[in-house]
Structure formats: C-alpha cells, structure tokens
Protein chains: 2
Amino acid sequence: MKKLINQPEDVVKEALAGMALAHADLVNVDLEQQFIVRRDAPIKNKVGVVSGGGSGHEPMHGGYVGYGMLDAACPGAVFTSPVPDQMLAATKAVDGGAGVLHIVKNYTGDVMNFEMAAELAAAEGIEVVNVVTNDDVAVQDSLYTAGRRGVGVTVLLEKIVGGLAETGAPLAQVAELARQVNIQGRSMGMALTSCTVPAAGKPTFDLGEDEMEIGIGIHGEPGRRRAKLASAADITETLTTPIVEDLGLKAGEQVLAMVNGMGGTPLLELYIVFNELERILKGKSISIARSLVGNYITSLEMAGCSITLVRLNDELIKYWDAPVHTPALRWGR
Amino acid sequence: MKKLINQPEDVVKEALAGMALAHADLVNVDLEQQFIVRRDAPIKNKVGVVSGGGSGHEPMHGGYVGYGMLDAACPGAVFTSPVPDQMLAATKAVDGGAGVLHIVKNYTGDVMNFEMAAELAAAEGIEVVNVVTNDDVAVQDSLYTAGRRGVGVTVLLEKIVGGLAETGAPLAQVAELARQVNIQGRSMGMALTSCTVPAAGKPTFDLGEDEMEIGIGIHGEPGRRRAKLASAADITETLTTPIVEDLGLKAGEQVLAMVNGMGGTPLLELYIVFNELERILKGKSISIARSLVGNYITSLEMAGCSITLVRLNDELIKYWDAPVHTPALRWGR
C-alpha cells in the first residue's frame, strides 16, 4: 500500500490535525469529538448548516466549512459513516437559535445516523431538518443504499444553500431550497482504477488493464456495468446522456456543470472531459452558465471522474454566485 | 494506458479548449499559437508577467493566469518545453508598454527557448527580463538541467510577483522581487508512483511495490535516491531537513509553506504531511505564517508530494496576501 501516512488507524485524526493547522483562520477542529466547525460559530439567528460522511472524499465535507457554505462537517473513518454523537456535538456547536439543517448523502449509514442525531438534538430543544441528496442516476438500489445514492450534487447544494443561510433566512426556507437543488440535480461517475482504504491495505475492487467501471458510487460500490476502456468523448457521452434524460433537460435551459475528478485523475484530463461535455450539451442547446472543474468529491486516489448537472434558475444562480470563503471554495471575499 | 483522453496527440489542444470554456470570464486561449492570456490584456503601463513550460503540471501555469498573478502562460506538449514563437506571441499579447517579465523554471529547454523569445521580443522593441527559478535542493545537476531545477517556488513566486506587478511597479523592481523570492525559497519532492506521458503510453520509470523515489523532478527525472517505503513522518523529515539547511532557516523566522500533491495523492494524505511539517518546523522554532496544501504543480497522475518553503518578510507577505483571481488561486475578490 503506497500512501503518505503513518499508522492506518491514525489517518483521519492526523489529517484533521493538519487541516486545523492549515486553515486556522477559518475553522476550528474538535479532534476529540471529530468535527470541523466555523471559527465564528454559532452565529446568532442564522440557520446552522451541517453535513458529514465518511472520510476519503476530501475536500468534501471539511473543505466546505466556512462563510457562505457549511457551519460544520462530521468526518467518519475512511468510507465509513460518522456517528450520531459526533453529529449531535456539531449540531450543538453551530446552533444559533434558528435551527440546524443536516445535509445527508443517501447512504444507509449516513441517513440512519443523521436521523438519530436529529432526534437527539430535538430532545435538547434544537430544531433540526434533515435533507437527503440522491442524485446518482447510475443505479436505483446499490449494495449500501436503498434508492439512488447521494453524490456530486451534495457539494453544489452545500454552496447554494449555504449562500441562502448566510442571509438569515429561516430554517423552513433553507431546507426547501436544499430539496429544490437536489430535485434539479443529477450525477453519474466512472472509474479507471480502484482505490485502497488504508485500514484494508488492498484495492476495494479489481479492474483489468483494459477495463473501466461505469456508474460507480464514491466508495467504489458497483456501478451499472464494467466496460472496455473508451475515449473521453465516449465516456462523457455515456455519463451525460442518462443525466440529461433523467432531469428532462430541454433546449434553452441552463445548468451548473461540475466535472469532478475522483482523486487520481490529472486536471488536464478533466478539462478534456469538460470540453466534451460542453460540446454534447451545446448540441442539445443547453448552456453551461456556471461550472466547476477539479477534485471536489473524491474517492481517495481513484482515477476517474463524475459529471453533475444542476438545472439553474435565477435564485440558484444568485446563491451560487454569493460570496464563499472555505478552505476549498472561495470567491467574492 | 488508462486516461480520460481521445487521441494522445490532441491532449493539450483539447484540454486548452476545455479550459477556455470553463474560465471564459477570466482568460482567453489562443488555440493556434497555444497560449493562455488574461481577458483584459494588455494592461497599459503594467508589467506583463509570463510563464510557461511543459503541460502535465496543471494547474501550473495556465491556472495561474488572471488578476494579480500571470498575464499569460505558454504550455508546451506534455513534459516538453514550449517554443520561442509561442512565448513571443504571449509576450506581445501582454505588453502594455512597461515591459515583460518571463518566469522560467530552470530546465534546459525552457531556459533556452525563453532566452530566444526575449531576444525576439527585444528586436520588436519590447523590454523583457527573464528570471530563472532553481529551488530544488534534491540534486545539483540532473538529466535535463544544469544546476538546480526550478519547481514549487515558481508557483509562489508567480503569486507574489504578480501582486507587485498589479500595483504598476516598474520592470526592474518586479524582476528584482522575483529574484528575491527565488533566493528565499527551496523545494524537494518524492514519488510513490511514476506517471505516464500520453504520447509514450507507458510509465516514465518503474518503482517496485515497496519503493519510493526521493528527490524527483516534476518530469519524474531521477532524484537523490531510491528508498524503501517509509512513514509520512519520515518522508516529511527527509524532504524538510535539506530545505531548512540549504535556506539556513533559523529559530524565530517565518515561512510560507506549500505541501503540494503530485497529482495522484489524496488531499487527506497531504494534510497528514502538513501536520508533520508543522511539527518539524515548530521543533526548530520556525513558524508557518502562510500555507498552501493541495495540487499546485503536478506530474500528471503521479502519487507523491513536494514541500516548498519560502522565507517571509513583510514585503513578501504583503504581495502574497494581495488579491488574486485566477482559475486555480483566488482570494480577496
């Protein structure tokens, strides 16, 4: 196992310590309870926005804690859900009296634990609403999730909803916007290689030298099918078509597009995929009004990419463009 | 070869097309002459700042074109120097009458071609100063370079010098600051894996399952030595000690520290290395006043990292903190 680590069991703890040092101007890290929180939390009368999930997907979610995005993030062990106590501690840390939104990727462990955390928080008098993302069009039910998985839309939703929360909007409105973004978004991913969870020490799955996996989840869960290697043009088409169809995107509409690297793919290749994506959408008279190209929701060192499209309207554009200042996304301040 | 590409010979051209589409608000890409330029270039009476080098190191240099950093970047083929004509075209495109600075990594092809470009520009009446970076402490002379190689300092220098150039400072002052940053900076890198140049189709070098290469250049040139895999703590010590010694860093001094991923290393691991780096420097009473952790100067999908330290003073901090708005670095606006 070739990794820049010390002991496998210390990976998350040490990475969080490094993160705390690198971004001390923006976040505090509670190393004991294991959550990352805005330095200025709790903010009075502002809805707290909390997310979380297994580690190994960085910069998601810890890299999105800061002004205009998340108030706190709860990282679990690598590819393992965080626990309710951790989520409760984060929820309490960001509660400014206006309630807390939990943004939960549809993954059985995450959903169950965030529900429990919401109940525990309610018992302590904190109003919590959980919104679940389920944007992966690749599979309906997978090994670890009933229904569609929550993937790339989560990142874009955290930005847009965080923008609204920053204005002091009430919890019901913030939660409703979260549901809207999820409804308007779809994703699909593919892998050229597997990845190795430090505690496991060997690749999660095997792929032949001439094979790729289409429709992967972010933990390397099985996808739609295994296929022979193809060109960037063909791969982009394979990922984009189901997204466009499932969303029912029509000529004249505009989208927020993310071409996301899974962790081990050079930026050079992601721009090639973006070029193909723009060509395909242009052919359907769909315009990319906003975009992100880079590593935003990864699977350790996996090579591959995912594409996410969110149908835009004026409200979504407004909160996407709003200022953000986090370790991984920053603009407007 | 597992890559998200179409034909190997089209990789750079298609990636540049994707970049142009993704960042149309910031840059224009001349696909014929192959350079990336600020949308608002040339800026009257502002020194133009130009860099360039082989592709495959993204986001360097194209990702650093924009307000407060580079005015233009010239990408060559993958791991291959750009040509003088390309550099000349970029130089002419950014010349606002105050002259142009070329930031050149010490790599024989780059140095030779940028010198030729400077002569060609001079013949057309444009004043050009070339400043060469040579921060790699790993080796004195390598396969492709006489003297030390230019690596990570180049990124930090482009930011700092770009900040000064934005103020309207004259060429001599901008060039002198570039020399100062280079003098105050050192880097060293290591690789856990090799990488594959698309046109070659196979890895640049071979590393055993239990081996790593210490002191690599960004093209995977041979380093100081091949070694058995080690812990993140040991690797960080191995990279940091020669940097600190070569720079003559003393207790009480402060540095700008970059922990850079080579392209295929998860962010999680880079934060672990940053945590170790902070511990080592703290032990020497050297403080990290500013930092970057992420993929900033890569070698395609290579796994591994490099560490760069720049000794800071008030002037360097001022221009590091100055606003920047490029595809890959953005703050303050």
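So, here's what we can say about the structure. (Residues numbered from 1 in each chain as written. Chains lettered and ligands numbered in written order. Predicted model: local features only at pLDDT ≥ 70, side-chain atom pairs only at ≥ 80, totals over all residues. Heavy atoms only, no water.)

**Quick look at the relation of the copies chain A and chain B**
Point 1. Of the transformation superimposing chain A on chain B, the axial component is 0.0 Å and the angular component is 180°, with the fit at an RMSD of 0.0 Å. Such a turn and shift between the copies fits a two-fold axis. Closest approach to the rotation axis within chain A is made by the C-alpha atom of G264 of chain A, at a distance of 2.1 Å.
Point 2. Both copies present the same face, since 100% of the interface residues in chain A are matched by interface residues at the equivalent positions in chain B. (Least-squares fit on C-alpha atoms with pLDDT ≥ 70 in both. Contact = heavy atoms within 4.5 Å.)

**Focus: the pattern of salt bridges**
Point 1. Tallied over the entire structure, the rule returns 38 salt bridges over all chains.
Point 2. Salt-bridge contacts for E276 of chain A lead to R279 of chain A; the nearest nitrogen and oxygen are separated by 2.6 Å. Of this pair, E276 of chain A and R279 of chain A both sit in helix α7 (residues 267–283), three residues apart, which is roughly one turn of the helix.
Point 3. With a closest N to O distance of 2.7 Å, D246 of chain B and R186 of chain B form a salt bridge. Linking D246 of chain B in helix α6 (residues 232–247) with R186 of chain B in strand β7 (residues 185–191), this pair joins segments that are 60 residues apart in sequence.
Point 4. Residue classification places D246 of chain B among the partly exposed positions, given a relative accessible area of 38%.
Point 5. One connected set of salt bridges, linked through shared partners, spans R38, D40, K46, D71 and E166 of chain A. (Salt bridge = Lys/Arg side-chain N within 4 Å of Asp/Glu carboxyl O. Helix = DSSP H or I, 4+ residues; strand = E, 2+ residues; numbered from the N terminus. Buried < 20%, exposed > 50% of the residue type's maximum accessible area, 1.4 Å probe, protein only.)

**Remarks on the packing of aromatic side chains**
Remark: the centre distance and the inter-plane angle together describe each pair of aromatic rings, the angle taken between the planes.
All names here are of chain A.
Point 1. Taken as a whole, this structure holds two aromatic pairs over all chains when the rule is applied.
Point 2. Ring geometry for W320 and W331: centres 5.3 Å apart, planes at 55°, overall tilted. Highlighted residues: W320 in helix α8 (residues 314–321) and W331 in strand β14 (residues 330–331), separated in sequence by 11 residues. Side by side, W320 and W331 carry an identical accessibility label, which is buried. (Phe/Tyr/Trp six-rings, centres within 6.5 Å; stacked < 30°, edge-to-face > 60°.)

**Notes on the sheet that holds strand β11 (residues 287–294) of chain A**
Residues and elements named next belong to chain A.
Point 1. Ordered in space as β9-β8-β7-β12-β10-β11, the six strands form an open sheet in which the pairing is mixed. Every other strand in the sheet has two partners, leaving β9 (225–228) and β11 as the edge strands with one partner each. Recorded for the sheet is a direction-independent mean angle of 20° between the axes of neighbouring strands.
Point 2. Along the sheet, helix α5 (residues 171–183) contacts β7 (185–191) and β12 (304–311); its crossing angle with β7, the most-contacted strand, is approximately 55°. (Pairing = 2+ DSSP bridges. Axes fitted to C-alpha atoms, helices over the stretch in contact; angles between N-to-C directions.)

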